[in-house]
Number of protein chains: 2
Amino acid sequence: MLVSNHARPTLEDVAARAGVSRATASRVLNASPRVSPEALEAVNAAVSALGYQPNRAARALVTRRTGAVAVLFSEPEPKIFDDPHFARLIRAGARALADVDVQMVLMLVHSPDDQARAHRFLAGGHVDGALVFAPHRNDEVVSVVKKLPLPVVYAGKPWGSLRGMHLVDNDNEGGAVLATEHLKSLGRKKIVHVSGPLDELSAIDRLNGFKSALSLDDKGVARLTEDGGFTREGGRKAMSALLARVPALDAVFVASDLMAAGALESLHEAGRRVPEDVAVVGFDDHVAIAEHTSPPLTSVRQDSDEQVKHMVEHLMKLLRDETVKRKQQMLPTVLVRRESA
Amino acid sequence: MLVSNHARPTLEDVAARAGVSRATASRVLNASPRVSPEALEAVNAAVSALGYQPNRAARALVTRRTGAVAVLFSEPEPKIFDDPHFARLIRAGARALADVDVQMVLMLVHSPDDQARAHRFLAGGHVDGALVFAPHRNDEVVSVVKKLPLPVVYAGKPWGSLRGMHLVDNDNEGGAVLATEHLKSLGRKKIVHVSGPLDELSAIDRLNGFKSALSLDDKGVARLTEDGGFTREGGRKAMSALLARVPALDAVFVASDLMAAGALESLHEAGRRVPEDVAVVGFDDHVAIAEHTSPPLTSVRQDSDEQVKHMVEHLMKLLRDETVKRKQQMLPTVLVRRESA
DNA sequence: CTCCTCGATGAAAACCTTTGAGTCGCTAAG
DNA sequence: CTTAGCGACTCAAAGGTTTTCATCGAGGAG
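Predicted model only: the values in this text are computed from it and were never measured.

Asker: Which residues make up the domain arrangement of chain A, and what values do they have?
Answerer: Split into domains, chain A comes out as domain 1 (11-54), domain 2 (68-169 + 305-331) and domain 3 (172-303). Centre-to-centre, using C-alpha coordinates, domain 1 of chain A lies 60 Å away from domain 3 of chain A.

Below, the structure written as structure tokens:
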């Protein structure tokens, strides 16, 4: 029998070599139970002998599954560049999806053009589902995605009604309580907060945790809090503003490590020693930042790798039509002590 | 006529509605010339009326094209997190590929496991081609990819023989000459260089540009140069080492903006004023960094967006079997003056 | 010994598109 | 008036897999 030119082997070839029909070979590949041990072995042998790989397109055609999922980021461009958090999320997504043998189609969505394209793409059935990172208030992406008949898992709470939405969030509020309680336990009396932008629910949750740990009323929170916009520069400015407004402050809980880095700069400039004069706690536990500030930063760890892994698992369950016990998962946060508090 | 349930319309539906055959409808979609204006219009009308989108799997099955390309990054993890350059490349890739309606499948390749997976995936015919970012010496990814019958375009020169390889590089050497000449033109006499890791050809090229602009011999270069590893911290340390070794230095060309940021810190600590005492030129012109150092950084611009765009165009030509005039493209670099030199 | 059941298997349809070969109606050339 | 040529189109095959349904054989019950 002539071996064909070095075209990729098809299921037919495998079946022929194993001495069974295409159907049986297919059943082996899909781990169907109705197949005899001998057939199973023969097919497996043929598969590895031929180096067979199923043709994704053919399979997709009949199963109506593409084996790909979209990963959507809606974030203004500078943030994506500056904040290592995004790189980490993208990497975690790449790894987690590769682990389950699913193609990751990355889409960055900023402009209305991008939104239209994303809509076309998602509606076009080119992916089986989507992972959506869109933390901002009234994010267009969310409304675009929401009306599509497509399984979606969100990272954190998207703005608006959460009814029926699948998401994996970090316990932002709990983490903030942890951080604030820790500062209290150090005997600090005048604790302030550099928050993230209040059009993101994660920032609001952290603010609320701070507020509840200190039993503050709205006015109190407003006085002791400044928005740092989740950027380094914003953190620096917010810290300066707080120093001006509350000169006697002896501790600060900063809602992200990147902002905390900025806040530390501001504190140094103001001549305050950390942690002696002012204790500082960040949020994220982003090692690349937290371990390289001076002093190294005590921070609330939110494990992004874990979050993304859960998102992928959750989405896979949705795709397999399994029932998920809880649509909305919350991941615990822990305090990682270093030297700043 | 009953409208079917809300299943996605197929080409058959479009053809029926337009009153033509499937074949004609297909030709319209693929912009074949052999089609009458009336038919063209009728089909287009039907397409938009039905909101038809071609089934990618079916198309892939017959054309043997997947409509997806892989984007491979082989870089140790910390780099990917810390260096905004990667975020920029990823973003540029996402945009450029979306523009030509091609799916971007992102793969980060670090471990041997990853390499095996990448090999399986690429050999499995799941993508039509690949964009490879693998700058390091003897990078496994390159050898894996090289023996595959798959169109590949590299970012920058991969290590090893370049014969027959398609790549888009920045004019690193030219940029380095530009930077060094600029420092000379400022009347600086003692110019040193913080290089990137010398297992990357881009770093070597920049070093060579520095060397040739100053007509240095090997010994001279060695004395005036220190490896900063393309990291911020490395830049700081390299600068300190150079300050110790060449106290009289009055200018430094740093091979990346991230390292330059570190070098500036080191210079400040050493009490040198920039640019009065020491003029500094970076490389990359990474705005997020260069505009926010103090003082703002003069830098050699390499336009990554442009580079990636060229890579995508190049790959598309390869996929269309067009002949490419030059397999290896070199993109010009320009000096962007700010305050540091 | 016959009839059923049941598990393993094979034949064939279905998924949706592209594309080469063939058809049809027309004009221009002979 | 016939015929070659041509443009626009249709027919139908091909592409590789999953899955339904039918078949086949073996073994157990009657």
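Asker: Describe in detail the packing of helix H6 (residues 84-99) of chain B against helix H15 (residues 304-319) of chain B, supporting the description with residues and values.
Answerer: All names here are of chain B. One way to put it is that H6 packs onto H15 with a least axis distance of 9 Å and a crossing angle of 40 degrees. Between H6 and H15, the interaxial angle falls into the category oblique. Judged by the twist between their axes, the crossing of H6 over H15 is right-handed. From H6, His85, Arg88, Leu89, Arg91, Ala92, Gly93, Ala96 and Leu97 reach across to H15, where they touch Ser304, Asp305, Val308, Lys309 and Val312. Split by residue class, the contact of H6 with H15 holds six nonpolar, three polar and four charged.

Asker: Requested: an account of the protein's contact with DNA strand D, with residues and values cited.
Answerer: The environment of DNA strand D is formed by 28 residues, the closest being Leu11 and Tyr52 of chain A together with Thr24, Arg27 and Ser36 of chain B. Looking at DNA strand D alone, sugar and phosphate atoms form 60% of those within 4 Å of the protein. One of the side-chain N or O atoms of serine 26 of chain A is found 2.7 Å from a phosphate oxygen in DNA strand D. Residue serine 21 of chain B places a side-chain N or O atom 2.8 Å away from a phosphate oxygen belonging to DNA strand D. It is helix H4 (residues 56-63) of chain A that contributes the most residues to the surface near DNA strand D, five residues altogether.

Asker: Mind laying out the sheet that holds strand S9 (residues 279-284) of chain A, listing which residues take part and the relevant values?
Answerer: Residues and elements named next belong to chain A. The six strands are arranged S7-S6-S8-S9-S10-S12 in an open sheet whose pairing can be described as mixed. Because the sheet does not close on itself, it has two edges, and the strands there are strand S7 (225-227) and strand S12 (334-336). Averaged over neighbouring strand pairs, the angle between their axes works out to 20 degrees when direction is ignored. Running at roughly 165 degrees to S9, helix H9 (residues 172-185) makes contact with strand S6 (191-195), strand S8 (251-254), S9, strand S10 (298-301) and S12 of the sheet. The strands touched by helix H13 (residues 257-269) within the sheet are S6, S8, S9 and S10, with S9 carrying the most contacts at an inclination of about 160 degrees.

Asker: Pulling in residues and values, what's your account of the pattern of salt bridges?
Answerer: Applying the stated criterion across every chain yields a total of 33 salt bridges over all chains. Residues aspartate 114 of chain B and arginine 95 of chain A are paired through a salt bridge, measuring 3.6 Å at the closest nitrogen-oxygen approach. A residue pair is termed interchain when its members come from two chains, as with aspartate 114 of chain B in helix H7 (residues 112-123) and arginine 95 of chain A in helix H6 (residues 84-99). Relative accessible area serves as the criterion here: at 5%, aspartate 114 of chain B is assigned to the buried category. Residues arginine 236 of chain A and glutamate 269 of chain A are paired through a salt bridge, measuring 2.3 Å at the closest nitrogen-oxygen approach. Placement of arginine 236 of chain A in helix H12 (residues 232-245) and of glutamate 269 of chain A in helix H13 is noted, with a sequence separation of 33 residues between them.

Asker: Explain unusual backbone geometry to me, using residue names and the numbers behind them.
Answerer: The amide bond that connects valine 274 of chain A to the next residue, proline 275 of chain A, takes the cis arrangement and shows omega of 5 degrees. Looking at where proline 275 of chain A falls in the secondary structure, it is placed in the loop between H13 and S9. For alanine 31 of chain B, which is not a glycine, the phi torsion comes out positive at approximately 55 degrees. Mapping alanine 31 of chain B onto the fold places it in the loop between helix H2 (22-29) and helix H3 (37-50). A positive phi angle, close to 60 degrees, is found at phenylalanine 230 of chain B, a residue other than glycine. If you trace the backbone, phenylalanine 230 of chain B turns up in the loop between strand S7 (225-227) and helix H12 (232-245).

Asker: Give me the lowdown on the UniProt feature "domain: HTH lacI-type" (unreviewed entry) in chain A, citing residues and values where you can.
Answerer: In the numbering used here, UniProt assigns the feature "domain: HTH lacI-type" (unreviewed entry) to residues 9-63 of chain A. In the segment residues 9-63 of chain A, helix accounts for 69% and strand for 0%; the C-alpha atoms at its two ends are 20 Å apart.

Asker: Help me get a handle on the interface of chain A and chain B, residues and values and all.
Answerer: In this complex, chain A contributes 37 residues to the contact, which on the side of chain B involves 37 residues. Across the interface of chain A and chain B, roughly 3,300 Å² is buried in total on both sides, 57% from carbon and sulfur atoms. For the pair chain A and chain B, the interface holds four salt bridges. Applying the counting rule to chain A against chain B returns eight residue pairs in polar contact (both at pLDDT 80 or more). Element by element, the count of residues in the side of chain A that touches chain B is highest for H6 of chain A, at nine residues.

Asker: Kindly report on helix H10 (residues 201-213) of chain B, identifying the contributing residues and their values.
Answerer: Residue and element names in this part refer to chain B. Compared with the 18 Å implied by 1.5 Å per residue over 13 residues, the 18 Å span of H10 between its first and last C-alpha is a close match. Those residues of H10 not exposed but buried are Leu201, Ser202, Ala203, Asp205, Arg206, Leu207, Gly209, Phe210 and Ala213. Positive phi shows up at serine 215, right after H10, with a value of about 50 degrees.

Asker: Could you give me a rundown of the relation of the copies chain A and chain B, with the residues and numbers involved?
Answerer: For these two chains of identical sequence, chain A goes onto chain B by a turn of 180 degrees and a shift of 0.0 Å along the axis, with RMSD 0.2 Å. Each copy turns onto its partner about a two-fold axis. Looking at the interface residues of chain A, 100% of them are also at the interface in chain B, so both copies use one shared face.

Asker: Hey, could you go over the pairing of strand S5 (residues 166-170) of chain B for me, with residue numbers and the actual values?
Answerer: Residues and elements named next belong to chain B. Judged by how many residues are buried, S5 sits mostly within the fold: five of five residues are covered. Here S5 shows a buried face lined by His166, Val168 and Asn170 and a second buried face lined by Leu167 and Asp169. In this structure, strand S4 (residues 152-155) lies alongside S5, joined through three bridges in parallel fashion. Residue pairing for S5: tyrosine 154 is matched across the bridge by leucine 167. Note that S5 and strand S11 (residues 328-331) share four bridges and pair parallel.

Asker: Outline the nonpolar core, listing residues and values.
Answerer: With 56 residues, the main nonpolar core has Leu106 of chain A together with Leu106 of chain B as its most contacted residues. Once residues lying within four places of it in the same chain are set aside, the contact partners of leucine 106 of chain B are Ile90, Ala94, Met104 and Leu106 of chain A together with Val71, Phe73 and Ile90 of chain B.

Asker: Describe in detail helix H9 (residues 172-185) of chain B, supporting the description with residues and values.
Answerer: Residues and elements named next belong to chain B. A rise of 1.5 Å per residue sets the reference length of H9, with its 14 residues, at 20 Å; its end C-alpha atoms lie 20 Å apart and thus fit the reference within 8%. When we look at burial in H9, the residues that qualify are Asn172, Gly175, Ala176, Ala179, Thr180, His182 and Leu183. Seen along its axis, H9 keeps its buried residues to an arc of 155 degrees; they face one direction.

Asker: Which residues make up the side chain of aspartate 128 of chain B, and what values do they have?
Answerer: All names here are of chain B. With respect to the helices and strands, the residue aspartate 128 is situated in the loop between H7 and strand S3 (129-133). Buried and unpaired, aspartate 128 has no salt bridge, with arginine 65 as the nearest side chain of opposite charge at 4.7 Å. Here the side chain of aspartate 128 touches threonine 66 through a polar contact of 2.7 Å, landing on its backbone nitrogen. Of the polar contacts made by the side chain of aspartate 128, one reaches the backbone nitrogen of glycine 67; its length is 2.8 Å. Those residues within four positions of aspartate 128 in sequence are excluded, and the remaining contacts are Arg65, Thr66, Gly67, Ala68, Leu150, Pro151 and Leu319.

Asker: How would you summarise the sheet that holds strand S6 (residues 191-195) of chain B if you had to cite specific residues and measurements?
Answerer: Residue and element names in this part refer to chain B. Spatially, six strands are ordered S7-S6-S8-S9-S10-S12 in an open sheet, and the strand pairing comes out mixed. Each end of this open sheet is capped by a strand with a single partner; those strands are S7 and strand S12 (334-336). Averaged over all neighbouring strand pairs, the angle between strand axes comes to 20 degrees, with direction disregarded. Where strand S10 (residues 298-301) and S12 come together, three bridges link them in antiparallel fashion. Looking at the pairing, valine 300 lines up with leucine 335 of S12. Sitting on the sheet, H12 is in contact with S6, S7 and strand S8 (251-254), with an inclination near 150 degrees to S7.

Here is what the cut-offs are and how they apply
Residues numbered from 1 in each chain as written. Chains lettered and ligands numbered in written order. Predicted model: local features only at pLDDT ≥ 70, side-chain atom pairs only at ≥ 80, totals over all residues. Heavy atoms only, no water. Domains from an automatic or database assignment. Axes fitted to C-alpha atoms, helices over the stretch in contact; angles between N-to-C directions. Helix = DSSP H or I, 4+ residues; strand = E, 2+ residues; numbered from the N terminus. Parallel < 35°, antiparallel > 145°, perpendicular 65-115°, else oblique. Left-handed = near helix turned anticlockwise from the far one by under 90°. Contact = heavy atoms within 4.5 Å. Nonpolar A, V, L, I, M, F, W, Y, C, P; charged D, E, K, R; others polar. Near = heavy atom within 4 Å. Polar contact = N/O pair within 3.5 Å; in protein donor to acceptor, adjacent residues only side chain to side chain. Pairing = 2+ DSSP bridges. Salt bridge = Lys/Arg side-chain N within 4 Å of Asp/Glu carboxyl O. Buried < 20%, exposed > 50% of the residue type's maximum accessible area, 1.4 Å probe, protein only. UniProt positions renumbered as here; feature names shortened; annotations may be inferred. Buried area = accessible area lost by both parts, 1.4 Å probe. Expected span 1.5 Å × (residues − 1). Least-squares fit on C-alpha atoms with pLDDT ≥ 70 in both. Core = buried A, V, L, I, M, F, W, Y, C linked by side-chain atoms within 4.5 Å. Arc of directions from axis to C-beta. Lys, Arg positive; Asp, Glu negative; His and termini not counted.

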